[in-house]
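Working through the structure, step by step
Chain by chain, the residues:
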Amino acid sequence: MKPGNSLSRPSVLLVEDTLSLQMVYRSILATAGHRVAVAGTAADGLQQFRTHRPMVVLLDLILPDRDGLEVMRDIQAIQPETRVIAITANGSVNRAVEAMRAGAHDFLVKPFDEGRFLSAVQNALAEANQPPPKSDPAIPPVTRSRDPAEVSDGSGFIGSSEAMRRIHSTIGSVARSMATVFITGESGTGKELCALAVHANSNRASGPFIALNCGAIPQDLLESEVFGHMKGSFTGAISDKQGAATAADGGTLFLDEICEMAPALQTKLLRFLQTSTVQPVGATRPRKVNVRIVCATNRDPMDAVRRGHFREDLYYRLYVVPIHMPPLRDRGQDVIEIAEAALARFAQEEGREFHGLDPAVRTLMQSLPWPGNVRQLLNVMRNVVVLNSGGWVTSDMLPPGLADAGRPPEADPGPARLPETPSPGNLLGLTLAEAERRLIEATLAQYAGSIPKAARVLDVSPSTLYRKIEGWGASSG
């Protein structure tokens, strides 16, 4: 069936199975002047989509007759330029993340307010109606499949510095190959965003992008997370589990914080890279998978090899095409471009009107060291928008203490000595876990609670310390 006249056909399709929410959402959209088609099931939604061909689809990911992600893929196959906004409940944020990685334009987590709802729809319609930009042959395109956290914060791959132009060029050259990409850079520089860009520009863009943070998963569960397990293979294995490597079949597996992987699992990962086969824990037979590996670390991988923390043969197997994400302090004018883009996005979300950054703030921002990189800058801009009503962003609107951060950073503690206390003598009689906690707490005390500095001294990832501290809180609660 051919779509109707473009002036009368609905511009938005709402697929929501809860009747009361369906009525509320439709009323909000109609009051804002949008033509809306409504469906309560996946089957009806696809029929309405084929009939009207709207440019924006609001899609509940949990439908009574079919999985919402499957419906989204069907919609994209019929009309790739459609902007899909995924809707999910508060307890199912991971589903929204999956949808973003599969190509959704945006996502909404219930309950959301009317302003956020209309803003998402209007942004999607505005982008859908824009003519495609002319490409610059000097910079290979990076498609819009991005990290949800970065998308929702408005950063994207913003920046016209020479360093970022080189990264765009490298991504354009390597994306369509099968070569392993090894991304390095400080925390907050956008390493997962870079991995997503590699995936989105590859021949595997229609396949899955599976991200696994090797530093955020307990070591005794990491093998199961990567390769899966069979029911009954260990205590707590109540059903078969598909590992990340199998889930990424036909797509890309992103291993973040790769240098935090346990030595025993490094051996199995090397075997996987050599054979392209996966053997879940407890399985008797391996299975073949077709996966492209992208990995990242905020540490110096060669230093990890020298210290014996990372296998040398695995390092050379993975370190084929290196991409180094530069710190924000080395990206010149990019800090202003990112700040202004974030300001515009957050102001729209919060219903505020800001004119831009005043000259003093622009100068200050380019002088700051930004130890948290883009992530820190986004937090600063969010703080400014939430706590101020609008106008020009001036220095007094910035978070307390930020202006003082322009002075040179303290000397890096480097491989500094460990704290003198606790001494080996007063560790006797403690369990290994108790001794470890005493050492971490003493190191944190020595460096005024700075987790990054303590992590550097203890030669672990900051995320490892965050995870352990959270674990202490959970065990004492």
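Up top is the structure these notes are about.
My aim in this report is to walk through the structure given alongside it, one point at a time.

Cut-offs used in this document
Residues numbered from 1 in each chain as written. Predicted model: local features only at pLDDT ≥ 70, side-chain atom pairs only at ≥ 80, totals over all residues. Heavy atoms only, no water. Helix = DSSP H or I, 4+ residues; strand = E, 2+ residues; numbered from the N terminus. Buried < 20%, exposed > 50% of the residue type's maximum accessible area, 1.4 Å probe, protein only. Contact = heavy atoms within 4.5 Å. Axes fitted to C-alpha atoms, helices over the stretch in contact; angles between N-to-C directions. Parallel < 35°, antiparallel > 145°, perpendicular 65-115°, else oblique. Left-handed = near helix turned anticlockwise from the far one by under 90°. Nonpolar A, V, L, I, M, F, W, Y, C, P; charged D, E, K, R; others polar. Expected span 1.5 Å × (residues − 1). Arc of directions from axis to C-beta. Phe/Tyr/Trp six-rings, centres within 6.5 Å; stacked < 30°, edge-to-face > 60°. Lys NZ or Arg CZ within 6 Å of the ring centre and 35° of its normal. Pairing = 2+ DSSP bridges. Core = buried A, V, L, I, M, F, W, Y, C linked by side-chain atoms within 4.5 Å.

It is worth spelling out the overall build of the chain at this point. Check the secondary structure of the chain and you find 19 helices and 16 strands. Counting every position in the chain, which comprises 477 residues, the buried fraction comes to 48%. Taking contacts inside the chain between residues at least 6 apart in sequence as the whole, the part at least 24 apart equals 71%.

A separate point is the packing of helix H14 (residues 334–350) against helix H15 (residues 359–367). The contact between H14 and H15 brings their axes to 9 Å, and the two run at 120°. Accordingly, the angle class assigned to the pair H14 and H15 is oblique. Relative to H15, the crossing made by H14 is right-handed. Between H14 and H15, the contacting residues are Val 335, Ile 336, Ala 339 and Glu 340 on the first element and Arg 362, Met 365 and Gln 366 on the second. Residues that form the contact of H14 with H15 fall into these classes: 4 nonpolar, 1 polar and 2 charged.

Helical geometry note: an α-helix holds 3.6 residues per turn, so side chains three or four residues apart project in the same direction. The first and last C-alpha atoms of helix H7 (residues 162–174) sit 18 Å apart over 13 residues, in line with the 18 Å expected at 1.5 Å per residue. Of all the positions in H7, only Ala 163, Met 164, Ile 167, His 168, Ile 171 and Val 174 are classed as buried. Looking straight down H7, one finds that the buried residues subtend no more than 145° of arc, so they occupy a single side. Buried residues in H7 make contact with strand S6 (181–184), helix H8 (191–200), strand S13 (292–297), strand S14 (321–324) and H14.

The next point concerns the packing of aromatic side chains. All told, the structure shown has 6 aromatic pairs when counted by the stated rule. Counting every residue linked through ring pairs, the aromatic cluster contains Phe 182, Tyr 315, Tyr 316 and Tyr 319. The ring of Phe 346 has Arg 382 lying over it, and the distance from NZ or CZ to the ring centre is 4.1 Å.

Here strand S2 (residues 36–39) shows no split at all, with Val 36 and Val 38 on one side and Ala 37 and Ala 39 on the other all buried. Pairing geometry for strand S1 (residues 12–15) and S2, over 4 bridges, is parallel. Bridge assignment links Val 15 to a residue of S2, and that residue is Ala 39.

Quick look at unusual backbone geometry now. If you check the backbone angles, Arg 53 has positive phi at about 50° while not being a glycine. Inspection of the secondary structure assignment puts Arg 53 in the loop between helix H2 (42–52) and strand S3 (56–60). Given a relative accessible area of 24%, Arg 53 falls into the partly exposed group. With a phi angle near 50°, Glu 257 is a residue other than glycine that sits in the positive phi range. Looking at the element boundaries, Glu 257 is found in the loop between strand S10 (252–256) and helix H11 (263–275).

Before going further, it helps to examine the sheet that holds S10. Pairing is parallel in the open sheet, where 5 strands are placed in the order S7-S10-S13-S6-S14. Sheet topology places strand S7 (209–213) and S14 at the edges, where each strand pairs with a single neighbour. Across the sheet, the mean angle from the axis of one strand to that of its neighbour is 20°, orientation sign disregarded. Sheet analysis places S7 next to S10, joined by 5 bridges and oriented parallel. By the bridge assignment, Ile 210 is partnered in S10 with Leu 253.

Membership of the largest hydrophobic core comes to 31 residues, with the highest contact counts inside it found for Ile 258, Phe 272 and Leu 318. Secondary structure elements with two or more residues in this core: helix H9 (219–227), helix H10 (244–247), S10, H11, S13, helix H12 (301–306) and helix H13 (312–318). Considering each element in turn, this core owes the most residues, 5 residues, to H11. Non-local contacts of Leu 318, meaning those with residues more than four positions away in its chain, are made with Thr 180, Phe 182, Ile 258, Leu 273, Ile 293, Cys 295 and Phe 310. Counting residues in each nonpolar core, the second largest holds 27 residues, with Ala 342, Val 361, Met 397 and Leu 402 among its members.

Before going further, it helps to examine H8. Across the 10 residues of H8, 10 count as buried, placing the element largely inside the fold. Listed as buried for H8 are Lys 191, Glu 192, Leu 193, Cys 194, Ala 195, Leu 196, Ala 197, Val 198, His 199 and Ala 200.

One way to put it is that helix H1 (residues 19–31) packs onto helix H5 (residues 114–128) with a least axis distance of 11 Å and a crossing angle of 65°. As for how H1 packs across H5, the hand of that crossing is right-handed. Seen from H1, the contacting residues are Tyr 25, Ile 28 and Leu 29; seen from H5, they are Glu 114, Phe 117, Leu 118 and Val 121. Residues of the contact of H1 with H5, tallied by class, amount to 6 nonpolar, no polar and 1 charged.

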